[in-house]
Amino acid sequence: MKLICVDDEKIILKSLVSKCKEIDFVDEVFSFSSGLKVLEFLDQNPDCIIDAVILDIDMPDITGLSLAKEIKKRNQFIEVIFVTSFSQYAIEAFKTRASGYLLKPINKEDLLEELENVQAKRNIDIISVGNKKPAGIYAQTFGNFDLIVNGNPVEFAWKKSKEVLAYLIDRGGSIVTRKELAAVIFDDREYSRSNQTYLSKIVMRLQKDLKAVNASDIFVKGKDSYSVNPRIITCDAWDFLNGIGKEKYHGEYMLQYSWAELSIAKFEN
(Lines give C-alpha, C1' and ligand atoms only; values in the text may rest on other atoms or scores of the structure.)
Protein backbone atom coordinates (compact mmCIF):
# COMPACT_ATOMS: atom_id res chain seq x y z
CA MET A 1 0.00 0.00 0.00
CA LYS A 2 1.27 3.47 -0.92
CA LEU A 3 0.28 6.44 1.23
CA ILE A 4 0.59 10.22 1.26
CA CYS A 5 0.69 11.98 4.64
CA VAL A 6 0.00 15.72 4.86
CA ASP A 7 0.33 18.04 7.87
CA ASP A 8 1.78 21.55 8.11
CA GLU A 9 3.14 20.75 11.61
CA LYS A 10 6.37 18.94 10.83
CA ILE A 11 6.73 17.18 14.19
CA ILE A 12 3.23 15.72 13.89
CA LEU A 13 3.89 14.80 10.26
CA LYS A 14 7.09 12.97 11.18
CA SER A 15 5.27 11.01 13.91
CA LEU A 16 2.44 10.09 11.54
CA VAL A 17 4.83 8.87 8.86
CA SER A 18 6.70 6.81 11.45
CA LYS A 19 3.47 5.14 12.63
CA CYS A 20 2.45 4.35 9.05
CA LYS A 21 5.82 2.73 8.29
CA GLU A 22 5.39 0.45 11.30
CA ILE A 23 2.33 -1.16 9.68
CA ASP A 24 3.26 -4.34 7.81
CA PHE A 25 1.22 -3.83 4.64
CA VAL A 26 2.35 -0.22 4.08
CA ASP A 27 5.02 -0.27 1.37
CA GLU A 28 5.80 3.41 0.80
CA VAL A 29 4.91 6.75 2.42
CA PHE A 30 5.25 10.17 0.77
CA SER A 31 5.05 13.14 3.15
CA PHE A 32 4.18 16.81 2.50
CA SER A 33 3.77 19.83 4.75
CA SER A 34 1.81 21.66 2.03
CA GLY A 35 -1.48 20.61 0.48
CA LEU A 36 -0.65 22.39 -2.78
CA LYS A 37 2.55 20.34 -3.02
CA VAL A 38 0.41 17.19 -2.87
CA LEU A 39 -1.59 18.29 -5.91
CA GLU A 40 1.64 19.16 -7.71
CA PHE A 41 2.99 15.68 -6.93
CA LEU A 42 -0.16 13.95 -8.20
CA ASP A 43 -0.15 16.02 -11.40
CA GLN A 44 3.51 15.27 -12.06
CA ASN A 45 3.25 11.55 -11.24
CA PRO A 46 0.01 10.31 -12.84
CA ASP A 47 1.28 6.73 -12.99
CA CYS A 48 2.07 6.55 -9.26
CA ILE A 49 -0.73 4.51 -7.68
CA ILE A 50 -1.63 6.03 -4.31
CA ASP A 51 -4.01 4.02 -2.14
CA ALA A 52 -4.79 6.63 0.50
CA VAL A 53 -4.02 10.18 1.60
CA ILE A 54 -3.93 10.94 5.33
CA LEU A 55 -4.32 14.68 5.73
CA ASP A 56 -4.80 17.40 8.29
CA ILE A 57 -7.98 19.46 7.90
CA ASP A 58 -6.64 22.77 9.24
CA MET A 59 -3.77 23.87 6.95
CA PRO A 60 -2.72 27.38 5.87
CA ASP A 61 -2.36 27.04 2.08
CA ILE A 62 -5.48 24.96 1.38
CA THR A 63 -7.95 23.39 3.80
CA GLY A 64 -8.00 19.62 4.06
CA LEU A 65 -11.62 19.54 2.89
CA SER A 66 -10.76 21.49 -0.27
CA LEU A 67 -7.66 19.39 -0.82
CA ALA A 68 -9.71 16.19 -0.56
CA LYS A 69 -12.09 17.42 -3.27
CA GLU A 70 -9.16 18.25 -5.57
CA ILE A 71 -7.60 14.84 -4.95
CA LYS A 72 -10.88 13.10 -5.80
CA LYS A 73 -11.10 15.10 -9.05
CA ARG A 74 -7.70 13.73 -10.05
CA ASN A 75 -8.37 10.16 -8.91
CA GLN A 76 -11.70 9.14 -7.41
CA PHE A 77 -10.24 5.84 -6.15
CA ILE A 78 -7.75 7.42 -3.73
CA GLU A 79 -9.13 7.01 -0.22
CA VAL A 80 -8.98 10.02 2.11
CA ILE A 81 -8.45 9.80 5.87
CA PHE A 82 -8.77 13.10 7.75
CA VAL A 83 -6.73 14.02 10.81
CA THR A 84 -7.74 16.91 13.08
CA SER A 85 -8.00 18.12 16.65
CA PHE A 86 -11.59 19.27 16.11
CA SER A 87 -14.42 16.72 16.03
CA GLN A 88 -16.93 19.24 14.63
CA TYR A 89 -15.40 18.71 11.16
CA ALA A 90 -16.61 15.10 11.01
CA ILE A 91 -19.83 15.63 9.04
CA GLU A 92 -18.20 17.83 6.42
CA ALA A 93 -15.36 15.34 6.15
CA PHE A 94 -17.68 12.43 5.38
CA LYS A 95 -19.51 14.55 2.77
CA THR A 96 -16.27 14.65 0.77
CA ARG A 97 -16.40 10.83 0.55
CA ALA A 98 -13.80 10.41 3.29
CA SER A 99 -12.78 6.87 4.10
CA GLY A 100 -11.94 7.66 7.71
CA TYR A 101 -11.52 10.28 10.40
CA LEU A 102 -8.85 10.37 13.11
CA LEU A 103 -8.58 12.73 16.07
CA LYS A 104 -5.21 13.98 17.30
CA PRO A 105 -3.21 12.70 19.02
CA ILE A 106 -3.25 9.68 16.74
CA ASN A 107 -2.67 6.27 18.24
CA LYS A 108 -1.38 3.37 16.18
CA GLU A 109 -4.43 1.16 16.84
CA ASP A 110 -6.87 3.68 15.35
CA LEU A 111 -4.55 4.31 12.40
CA LEU A 112 -4.24 0.58 11.76
CA GLU A 113 -8.02 0.17 11.81
CA GLU A 114 -8.50 2.92 9.22
CA LEU A 115 -5.81 1.52 6.93
CA GLU A 116 -7.25 -1.98 7.24
CA ASN A 117 -10.57 -0.53 6.03
CA VAL A 118 -8.77 0.95 3.02
CA GLN A 119 -7.10 -2.37 2.35
CA ALA A 120 -10.47 -4.15 2.48
CA LYS A 121 -11.85 -1.75 -0.10
CA ARG A 122 -8.86 -2.38 -2.34
CA ASN A 123 -9.50 -6.12 -2.16
CA ILE A 124 -12.97 -5.70 -3.67
CA ASP A 125 -12.95 -6.16 -7.44
CA ILE A 126 -15.24 -3.18 -8.00
CA ILE A 127 -15.84 -2.89 -11.71
CA SER A 128 -14.31 -5.64 -13.82
CA VAL A 129 -15.48 -5.76 -17.42
CA GLY A 130 -14.48 -9.40 -17.64
CA ASN A 131 -16.68 -10.46 -14.74
CA LYS A 132 -19.93 -12.14 -15.73
CA LYS A 133 -22.81 -10.99 -13.56
CA PRO A 134 -26.20 -12.64 -13.12
CA ALA A 135 -28.81 -11.06 -15.32
CA GLY A 136 -31.71 -9.18 -13.82
CA ILE A 137 -30.29 -6.69 -11.25
CA TYR A 138 -29.62 -3.27 -12.73
CA ALA A 139 -28.87 0.01 -10.95
CA GLN A 140 -29.92 3.02 -13.00
CA THR A 141 -28.13 6.16 -11.81
CA PHE A 142 -28.22 8.51 -14.80
CA GLY A 143 -31.26 10.72 -14.33
CA ASN A 144 -33.15 9.52 -11.26
CA PHE A 145 -31.92 6.54 -9.28
CA ASP A 146 -33.80 3.27 -9.54
CA LEU A 147 -33.03 -0.37 -8.85
CA ILE A 148 -34.51 -2.56 -11.57
CA VAL A 149 -34.94 -6.29 -10.98
CA ASN A 150 -36.03 -8.50 -13.88
CA GLY A 151 -37.16 -5.44 -15.81
CA ASN A 152 -39.27 -3.91 -13.03
CA PRO A 153 -38.35 -0.93 -10.81
CA VAL A 154 -38.27 -1.94 -7.16
CA GLU A 155 -40.78 -0.14 -4.95
CA PHE A 156 -39.22 0.84 -1.64
CA ALA A 157 -41.48 1.29 1.36
CA TRP A 158 -39.32 4.11 2.74
CA LYS A 159 -37.58 6.84 0.71
CA LYS A 160 -34.62 6.75 3.10
CA SER A 161 -34.10 3.03 2.45
CA LYS A 162 -33.83 3.73 -1.25
CA GLU A 163 -31.42 6.59 -0.52
CA VAL A 164 -29.19 4.31 1.55
CA LEU A 165 -28.96 1.90 -1.38
CA ALA A 166 -28.30 4.79 -3.79
CA TYR A 167 -25.38 6.00 -1.69
CA LEU A 168 -23.87 2.52 -1.48
CA ILE A 169 -24.20 2.19 -5.26
CA ASP A 170 -22.51 5.60 -5.60
CA ARG A 171 -19.58 4.26 -3.58
CA GLY A 172 -19.20 1.42 -6.07
CA GLY A 173 -18.85 -1.43 -3.60
CA SER A 174 -16.59 0.38 -1.13
CA ILE A 175 -17.23 -0.13 2.56
CA VAL A 176 -19.22 2.69 4.17
CA THR A 177 -19.21 3.14 7.94
CA ARG A 178 -22.43 3.63 9.87
CA LYS A 179 -21.26 7.12 10.89
CA GLU A 180 -20.51 8.17 7.31
CA LEU A 181 -23.87 6.87 6.12
CA ALA A 182 -25.71 8.73 8.88
CA ALA A 183 -23.88 11.98 8.05
CA VAL A 184 -25.05 11.75 4.44
CA ILE A 185 -28.57 10.42 4.94
CA PHE A 186 -29.47 12.76 7.82
CA ASP A 187 -27.74 15.79 6.25
CA ASP A 188 -25.76 17.47 9.04
CA ARG A 189 -27.81 16.26 11.98
CA GLU A 190 -25.84 15.30 15.07
CA TYR A 191 -24.82 11.63 15.18
CA SER A 192 -27.03 10.81 18.15
CA ARG A 193 -28.32 7.55 19.62
CA SER A 194 -31.77 8.25 18.17
CA ASN A 195 -30.29 8.67 14.69
CA GLN A 196 -28.36 5.41 15.09
CA THR A 197 -31.60 3.65 16.01
CA TYR A 198 -33.44 5.24 13.08
CA LEU A 199 -30.67 4.24 10.65
CA SER A 200 -30.89 0.63 11.87
CA LYS A 201 -34.62 0.64 11.12
CA ILE A 202 -33.97 2.11 7.66
CA VAL A 203 -31.45 -0.63 6.91
CA MET A 204 -33.83 -3.34 8.14
CA ARG A 205 -36.55 -1.93 5.87
CA LEU A 206 -34.12 -1.93 2.93
CA GLN A 207 -33.22 -5.57 3.58
CA LYS A 208 -36.90 -6.48 3.67
CA ASP A 209 -37.57 -4.69 0.36
CA LEU A 210 -34.63 -6.43 -1.32
CA LYS A 211 -35.69 -9.82 0.02
CA ALA A 212 -39.15 -9.31 -1.48
CA VAL A 213 -37.62 -9.16 -4.98
CA ASN A 214 -34.99 -11.88 -4.37
CA ALA A 215 -32.14 -9.35 -4.41
CA SER A 216 -30.92 -9.74 -0.82
CA ASP A 217 -27.42 -10.74 -1.91
CA ILE A 218 -26.59 -7.29 -3.28
CA PHE A 219 -26.54 -5.81 0.24
CA VAL A 220 -23.57 -6.55 2.49
CA LYS A 221 -23.72 -5.73 6.20
CA GLY A 222 -20.55 -5.78 8.27
CA LYS A 223 -19.72 -4.69 11.79
CA ASP A 224 -20.87 -1.05 11.84
CA SER A 225 -20.44 -0.88 8.06
CA TYR A 226 -22.35 -1.46 4.84
CA SER A 227 -21.65 -2.01 1.15
CA VAL A 228 -23.12 -3.53 -1.99
CA ASN A 229 -21.75 -6.52 -3.87
CA PRO A 230 -20.70 -5.10 -7.28
CA ARG A 231 -20.18 -8.58 -8.71
CA ILE A 232 -23.93 -9.18 -8.97
CA ILE A 233 -25.12 -5.72 -10.00
CA THR A 234 -24.97 -4.10 -13.43
CA CYS A 235 -24.84 -0.30 -13.18
CA ASP A 236 -24.83 2.37 -15.89
CA ALA A 237 -22.39 4.57 -13.93
CA TRP A 238 -19.92 1.72 -13.38
CA ASP A 239 -20.13 0.78 -17.06
CA PHE A 240 -19.48 4.41 -18.01
CA LEU A 241 -16.29 4.48 -15.93
CA ASN A 242 -15.13 1.43 -17.87
CA GLY A 243 -15.81 3.10 -21.21
CA ILE A 244 -19.10 1.32 -21.86
CA GLY A 245 -22.41 3.02 -22.73
CA LYS A 246 -21.10 6.59 -22.51
CA GLU A 247 -23.98 7.77 -24.68
CA LYS A 248 -26.36 7.13 -21.76
CA TYR A 249 -24.94 10.01 -19.69
CA HIS A 250 -26.49 13.44 -20.33
CA GLY A 251 -25.20 15.39 -17.36
CA GLU A 252 -27.74 14.08 -14.84
CA TYR A 253 -26.90 11.69 -12.00
CA MET A 254 -29.13 10.54 -9.13
CA LEU A 255 -31.18 13.71 -9.33
CA GLN A 256 -33.15 12.96 -6.14
CA TYR A 257 -30.13 13.39 -3.91
CA SER A 258 -28.14 16.59 -3.30
CA TRP A 259 -25.04 14.67 -2.14
CA ALA A 260 -24.81 13.05 -5.60
CA GLU A 261 -23.67 16.37 -7.10
CA LEU A 262 -20.19 15.68 -5.67
CA SER A 263 -19.88 12.60 -7.90
CA ILE A 264 -20.68 14.28 -11.22
CA ALA A 265 -17.05 15.33 -11.74
CA LYS A 266 -15.96 11.72 -12.28
CA PHE A 267 -18.21 11.48 -15.35
CA GLU A 268 -17.10 14.76 -16.87
CA ASN A 269 -13.31 14.66 -16.33
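Residues numbered from 1 in each chain as written. Predicted model: local features only at pLDDT ≥ 70, side-chain atom pairs only at ≥ 80, totals over all residues. Heavy atoms only, no water.

Caption draft 1: Layout of the nonpolar core. Formed by 44 residues in total, the largest nonpolar core has its most connected members in L147, L165, I169, I233 and M254. At the level of secondary structure, the elements contributing two or more residues to this core comprise β6 (137–140), β7 (146–149), α6 (159–170), α7 (178–185), α8 (193–212), β11 (225–228) and α9 (236–241). Ranked by residues supplied to this core, first place goes to α6 with 6 residues. By size, the runner-up hydrophobic cluster in this structure holds 22 residues, among which are V6, F32, I71 and Y101. (Core = buried A, V, L, I, M, F, W, Y, C linked by side-chain atoms within 4.5 Å. Buried < 20%, exposed > 50% of the residue type's maximum accessible area, 1.4 Å probe, protein only. Helix = DSSP H or I, 4+ residues; strand = E, 2+ residues; numbered from the N terminus.)

Caption draft 2: Structural context of the sheet that holds strand β12 (residues 234–235). Across the sheet, which stays open at both edges, the 4 strands sit in the order β8-β7-β6-β12 with mixed pairing between neighbours. Each edge of the open sheet is held by one strand with a lone partner, namely β8 (152–153) and β12. Of the strand pairs in this sheet, β6 and β12 are connected by 2 bridges, and their pairing is parallel. Across the sheet, A139 pairs through a bridge with C235, a residue of β12. (Pairing = 2+ DSSP bridges.)

Caption draft 3: Structural context of α7. Where burial is concerned, most of α7 is hidden: 7 out of the 8 residues are buried. Within α7 the residues assigned to the buried category are R178, E180, L181, A182, A183, V184 and I185.

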